[in-house]
Every structure is written in C-alpha cells, then in structure tokens.
Amino acid sequence: MITAERKPLEELIEYVRPYKRVLLVGCNECVTVCAAGGRKEVGLLASGLHMALLKSGVTIEIREHTLERQCDPEYVEELVPMTDGVDAIISMACGCGVQEVARRFKGKPVFPAVNTKFMGASERQGVWAERCQGCGDCLLGRTGGVCPIARCAKQLMNGPCGGSTGGHCEIGDDVDCAWALIWDRLKELGQEERFVEIMPAKDWRPGGGSGPRKIIREDLAE
Amino acid sequence: MDNFEPVIVAFCCHYCAYTAADMAGSQRLSYPPNVKIIRVPCSSKVDALHIVKAFEKGADGVYVAGCLEGDCHFKNGNSRAARLVEHVQKYMDEIGIESERLEMVMMSAGMGYRFAQKATEITEKIRKLGPSPIHAAIGRQERDVCIMTE
Amino acid sequence: MKTDSRLEKILAAGHLAVTSECGPPRGAQPDKVREKGRYLHGIVDAVNVTDNQTAMVRMSSLAASVLLKQEGLNPLYQLVTRDRNRLAMQADILGAYSLGIDTMLCLSGDHTKFGDHPMAMNVHDIDSIQLIQMVKKMRDEGLFQGGAEIKGAPKMFIGAAANPFADPFELRVLRLAKKIAAGADFIQTQCIFNVEKFEKWMEGVCARGLHKQCYILAGVTPIKSVGAARYMKTKVPGMDVPQEIVDRMASVPKEKQPEEGIAICVETIQRLKKVEGVAGFHIMAIDWEEKVKEIVERAGLLPRPQV
C-alpha cells in the first residue's frame, strides 16, 4: 500500500488560516491502513485545527468527510454537494488523491494534509517499511522475493557492496542488507546459481525513465 | 474567571480504576466533584479522538486510569493506553495546549484511597494551571455572543 | 596485453605491483594534488585517485588524475556509480582516455548519508559490476552500453574493489568471481589487518583459479594512532581490525604510535608476500602520503621495475 504521514500541524494551520469554511476529506484505503488519513484521522485533525485556531481568536468551520478512495473520479464526484460555500479543501489522501480532488474542483484551493512516503508493507502493528519503487520490470522471481531496488540503499543488482555488516546495510543497524536477505532466500530455495548470474544494466524506461507513466487497457478504456 | 472550577474528565477502566472509584465511594473517601468519570472496558479502549474531543469541548484536564503494570485484565491494554497518552501529549504540544493537562494513571481495584488521592491531586494541579486555553477561548466567544445580543 | 597500461605491463611481467592513493582536495587547489604526487614519484606503479570519497565533494577524480599525469605519475582513475548516470560515465571515460589515462577502478561508492550532501540523490543508474561490463564492452567491442559504435575506443585496464571482510563471508569469493566474469582485470582489496581471514578468503579464491584470471592487489594501511585503530574497528563498516592490533598500538606511548603503525604495515606486507595469489600491494596512506616511500622501501619493494 501507499504509506503517508500527517504533515506537522503548524504547516496545516497556515494553509487554513485565511479561510472561513474548509472541507477536510479523508480516504478509506491506504492512508486509513497506516493511520494517517482515514475517518479517525480526519476527526483528530479537524479537532486539532479548530482548537489551534480558536486559541488565536479565529473561528473556522471544518466539514469532515471520508471517501472510499480519492483516486477514482467516481468517488471524488461525491464531494460535489459538500463543497458548496467551502473556501478550500484539505485532502488527507496520498498525492494521487489530492491531485484528483484538485482536478475536479478547479475553483477551490486544495491542500495536502499528509506527506506521501512510499509503497510498502506492514512489518508489524504500527510499522511499515518500503518494499517497492515501481520500477516497471519486476525481478522478484530472480531474487528470492526480495527487491534490491527498493530495499538496497544503492539499488545494486549485483550486490552486496563492501559495507554490508552483520546482515545490516552500511547506512544503519536498523536497515537490513537486502542482498544478505536475498542470499539467505536463494539458499533456502536451493537457487544459489541465481546469485552468480550477472544482472545486466537495467532499462529504467519502464520505471519512469521515459517520463510520467500511464497504463491504457484497450479492453477497458473506451 | 476568579472562582475557576476545573472540569476534569477521567476515563476509568472497569476492572481496576472504576472499581477503585467505587471503593473510594463506599469508604466515604471524598474526592472533588470536578472529576467526571467515564467507565471504559479497558484503558486501551480510549481513543485519541475521545481525549482530543474532551479538550475541544472545554475540559481543563483529562486523565486515563488503568490497571497497575502487569495486571491488566486484557494483558497489556494499560501499556498501550500509556503509549497512546504520550502520543496525544505530543499532539497537544502541536495544538498549543499544555501537555500536563493529560495524564496516565495506574492503580489496582482495591486502591480506593489512591483513586481519591489522584483525583484530588490532579484537580489541584489543573486549578493552578488555570482554565485550558480552549476553555478560555470558548468562554470569550460566549461572552462576545452575549454582548452582541444585548 | 589488453592495454598500454603500465600497471598491466608490470603485473604481466610477474613483478609484485605497488599502488598507492591520492585523495583530491576539497577545493580548486591543483598544487595540493601535485604536492601529494611528488611523494609518490618513482615509489609506486600507479596512484589511485579517489572519486568523492566518503561522499564528500572533492575535485573530480578525472581532473586530479590529469594533474598527476602532468606531473609524470601514472593515475588510476576511480569512478563511482553513486554520482553519475551511464551517459556521464561513458563520456568521462572517453575524456579520461583522451587525456592519457588508461587504468581505472569501478566502484559503487559510499552512501551519501556519510558525506557532506546527505540530501543528494544516490544515482546508481548502474552498479559497479554493470560498470565493469560497460567498460569492457567499450574496450573490447568498441560499443557504447546502448549498442552504438564508438569511434576511438578507450583501452582501459579495468580494476574493481573487493572486501574479504564484509558480510556475509561466504559470498565474498562468489562476488569476486562475478566481478571477474564481468571483466575485471585486477582487484584491490580493502585494507588488511586480519591476515588470517584474508588468507582464508584467498584459499577460496585460489581454489576457483580466480587468481589466475585476475591480478589481486592486497590493500594495507599504516595506522597513525590507537584512536585511529579504534575508529576503524568500530565505526567503519566492512573493516576488520583485530583487537591485538589495537592493543599493540595502545601499548606504546603516543609519540611512538605512528612508528608502530608503520612497522605493523611493513610486517603485514611481508606476511602477505607469502600468500599464494597476491600479485601486489595497494598502500592507502590517507593524508600520510609522505610515509609511503618508507613503507615501500622497508618492505623491500624498491626500486620499482622498469617495463
């Protein structure tokens, strides 16, 4: 899923300060899972903003709503009746959602309430770690299911480098050496010969090297 | 606000803190009426939103009362609650409310005296701190409305 | 012979090669490069010129290599994949060869986290092994990585780094094999203090006949003080400094420690001479270039052979 973290309240207060009535929109998918922008977080943020502004004598009306997701125009359309009389919209969705809301409501300033971070998975409750960088040409079948692009700090494809120590990356003890993980997996799978094969220089075009990407499904698109 | 009477909300877990409150009552141990008790099945059932909304509605102080370390009926609800309280204190700093207005308290079911003692202690602490900035701001707003309608 | 590299000639003739290192300055100070070069004249067969070492910006290794060449030294141009994409690297390699540089080392580079620009991107368009492949393709096939023909192919003698002391140990011989399969002609190892562990690695290397496919230069570093020994032991990833070395440094008074460090370095070289597969030495005396002559002399490696 896409992970995100709420922006510092200070920054958000400055976004909304000029306005009398704002719509705060949450998203029920990724940002709900990482407790950054779901229904609950919308409630918390609305309350926090209201109080922070009240302290300086500013009253603001904050409308709260959470969509199933913000990256599909059909769902974003549901906001239309709620935007009546609203001066600005704050979206707690990832960057994808914020942009879709901005695209639909061109006349209203739209602000992001979270910093979108990475595509990752949950390691345990409350901890999410980066797993995928969308390189567009997945090689997980060759590396025992561990991605060297997302999980190696130098995205080496023929690792490990000389800084790998005790299974950790040279950048810190809290980061696994992806190639140590890959080697362990390949051993478990009896696929050590995959390690010896040299992975040639990657074509980065599927990974964004040739500009912003799009998928068009001819069977689904009109 | 010369005769400031703090409004304190106490989220008390059914198994320990609430029972202790009950015991304080039956032992005729008095504690300030400022403390409004809300019973929850476990201190970890208290959500950040409950605490934040309490302050938004004008509470001057809030505390979450759970079982003693290691004694939680649900294993580790009390430690989760303690972690949550710390997290909300940081949010309060961001908002601009003194984080001392929120506290995590632990006690066993038989500690009626501790319940009363803590309730008194916290009420006095909040009395000294004065009304929460939100309570004060709400007060100002209401006065402004009164002035406008005169 | 694949190139005109002096280093290749010395190694091919069967002599023990000696290389050392020069870190370019953190400013446009060409005299500093020349000064370091002067200490190494006639002492070593090639001088490594580091490329933004430890991710700290320095004069480019290409420029510093050219300055050393002008001083009559033989530069060993280091290139890391951290800072440049494949276009820039190929362009720099063509430029380097055009300016008389024919020996290079292909590396990944330390992470930007350690340097003075932690906010910069780590490029890594290709990794060090893919870089070796790329340079070999340029040299032997006269083709760019993208496939087009090169007019004026760079005949580079290709080197790579190896670290027998990093983890996991069982991979370290395999990784060397990969670098050689990719096209590495010679290897310089991380500096050796734990000779036993190095010997164990070399056993694995020789068992696969890798020492016959590629020249292996053993890395050594003279320690300046017991503080430096401790720092390298605990704070530098991938370095193995046995406790005996630290204790030995600590056992002499502060003024005598540099001398002790040099003695250890010379002794290490003497021990390494006896290890099968060692084709030479790479002496890394960072900010202590003036001592390289003494080390090479005491290790019985002077005068350098003429080829």
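Residues numbered from 1 in each chain as written. Chains lettered and ligands numbered in written order. Predicted model: local features only at pLDDT ≥ 70, side-chain atom pairs only at ≥ 80, totals over all residues. Heavy atoms only, no water.

**Remarks on the sheet that holds strand E4 (residues 102–106) of chain B**
Residue and element names in this part refer to chain B. Quick reminder of the rule: Only strands that DSSP links by at least two bridges are regarded as paired with each other. Under the DSSP-based scheme used, a helix requires at least four consecutive residues in state H or I and a strand at least two consecutive residues in state E, with every element numbered from the N terminus. Axis lines are fitted to C-alpha atoms, over the contacting stretch for helices. Their N-to-C directions set the angle, which ranges from 0 to 180 degrees. What makes two residues a contact is simply this: any of their non-hydrogen atoms within 4.5 Å.
Here four strands make up an open sheet; going across it, the order is E2-E1-E3-E4 and the pairing parallel. Only two strands of the sheet have a single neighbouring strand rather than two, namely strand E2 (35–40) and E4. The sheet shows a mean angle of 20° between the axes of neighbouring strands, direction not considered. When strand E1 (residues 8–13) meets strand E3 (residues 61–66), the two strands line up parallel, connected through five bridges. Paired with Ile 8 across the strands is Gly 61, a residue of E3. Contacts from helix H4 (residues 112–129) reach E1, E2, E3 and E4 within the one sheet, and its direction differs from that of E4 by about 165°.

**Looking at helix H9 (residues 226–235) of chain C**
Residues and elements named next belong to chain C. As a reminder, the rule being used: The cut-offs for exposure are 20% and 50% of the maximum accessible area for each residue type, with area from a 1.4 Å probe on protein chains only; residues under the lower value are buried, those over the upper are exposed, and the others partly exposed. Think of it as the arc spanned by the lines of direction from the helix axis to the C-beta atoms.
Here H9 has its buried residues at Val 226, Ala 229 and Met 232. All buried residues of H9 lie within an arc of 125° about the axis, which places them on one face of the element. Across from the buried face of H9, at angles greater than 90 degrees, the exposed residues are Tyr 231, Thr 234 and Lys 235. Packed against the buried residues of H9 are helix H10 (243–250) and helix H11 (257–273).

**Considering the packing of aromatic side chains**
Here is the rule we go by: Two rings belonging to Phe, Tyr or Trp (six-membered ring only in the last case) form a pair when the distance between their centres is within 6.5 Å. Interplanar angles under 30 degrees mark stacking, angles over 60 mark edge-to-face geometry, and anything in between is tilted.
Under the counting rule described, the total for this entry stands at eight aromatic pairs over all chains. Both rings, one in Tyr 15 of chain A and one in Phe 111 of chain A, keep their centres 4.8 Å apart while their planes meet at 20°; by these two values the pair is stacked. Here the residue Tyr 15 of chain A occupies a position in helix H1 (residues 9–16), and Phe 111 of chain A occupies one in strand E5 (residues 110–112), the gap between them amounting to 96 residues. Aromatic pair Phe 157 of chain C and Phe 186 of chain C: ring centres 5.1 Å apart, planes at 25°, arrangement stacked. Of this pair, Phe 157 of chain C sits in strand E5 (residues 157–162) while Phe 186 of chain C is found in strand E6 (residues 186–191), placing the two residues 29 residues apart along the sequence. By way of ring pairs, the aromatic residues Tyr 15, Tyr 19 and Phe 111 of chain A are connected into one cluster.

Just geometry here; none of it tells us what the structure is for.
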